[in-house]
Amino acid sequence: MKKLKVLTENCIGCGACVGIDPEHFDFNDDGLSHVISEENLESEALQNAIESCPVSIISIEEENEEETSEEVKTTDDSNEKAA
Ligand code: SF4
């Protein structure tokens with residue numbers, strides 16, 4: 001599943017993405033862009049918005065379902081004792 005992301009903390013509020021693609025972006029209360037829709041991620045307007053962002057913080061990422069589950073196992077070798 002694909003996920004549209006904006007690194008809002010790095011947004012400079014230029015408004016390019018909101019102007020080009022209001023379907024996917026809007027300003028939050030701080031005047032910074034955030035994602036408002038995950039639909040229609042193949043749209044031309046979205047591609048244009050991604051390319052137009054002056055700080056390149058808009059991306060579409062593949063989301064692996066496995067990533068959300070805590071599958072990380074820590075191997076603790078220090079506990080190994082020679083019995
Ligand atoms: S184009 Fe980039 S910098 Fe400009 S408002 Fe959108 S996310 Fe922020």
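Structure first, text after, so check above.
One structure accompanies this document, and this report is about it. (Residues numbered from 1 in each chain as written. Predicted model: local features only at pLDDT ≥ 70, side-chain atom pairs only at ≥ 80, totals over all residues.)

Describing the overall build of the protein chain
- For the protein chain, the helix and strand inventory stands at three helices and four strands.
- Starting at the N terminus and walking to the C terminus, you meet the elements of the protein chain as β-α-β-β-α-β-α.
- For the protein chain, with 83 residues in total, the buried portion stands at 16%. (Helix = DSSP H or I, 4+ residues; strand = E, 2+ residues; numbered from the N terminus. Buried ≥ 20, exposed ≤ 12 C-beta atoms within 10 Å, placed from the backbone.)

Some words on the environment of Glu44
- On the secondary structure map, Glu44 appears in helix α2 (residues 44-52).
- Note on Glu44: 9 C-beta atoms within 10 Å, which makes it exposed.
- Considering only alpha carbons, one finds Glu44 and Asp21, 23 residues apart in sequence, at a separation of 9.0 Å.

Comments concerning the site of the ligand
- Of all residues adjacent to the ligand, which total 16 residues, the nearest are Cys11, Cys14, Ala16, Cys17 and Cys53.
- Considering only residue class, the shell around the ligand consists of 12 nonpolar, four polar and no charged. (Near = placed C-beta within 6 Å. Nonpolar A, V, L, I, M, F, W, Y, C, P; charged D, E, K, R; others polar.)

Regarding the nonpolar core
- Residues Val6, Cys11, Cys17, Ile20, Phe25, Leu46, Ala49, Cys53 and Ile58 constitute the largest nonpolar core, which totals nine residues.
- Broken down by secondary-structure element, the contributors of at least two residues to this core are α1 (16-20) and α2.
- Beyond its immediate stretch of four places on either side in the chain, Cys17 contacts Phe25, Ser33, Ala49, Ser52, Cys53 and Ile58. (Core = buried A, V, L, I, M, F, W, Y, C linked by C-beta atoms within 7 Å. Contact = placed C-beta atoms within 7 Å.)

Side note on the environment of Lys2
- One can find Lys2 in strand β1 (residues 2-6).
- C-alpha separation for the pair Lys2 and Glu62, spaced 60 residues apart in sequence, amounts to 4.5 Å.
- Among all residues touching Lys2, those that are not within four sequence positions of it are Leu41, Ile60, Glu61, Glu62 and Glu63.

With respect to unusual backbone geometry
- Residues other than glycine seldom take positive phi values, yet Asn40 does so here, at roughly 55°.
- Tracing the chain through its elements places Asn40 in the loop between β3 (33-35) and α2.
- Under the C-beta neighbour-count criterion, Asn40 is labelled exposed, with 12 such atoms within 10 Å.
- Residues other than glycine seldom take positive phi values, yet Ser56 does so here, at roughly 50°.

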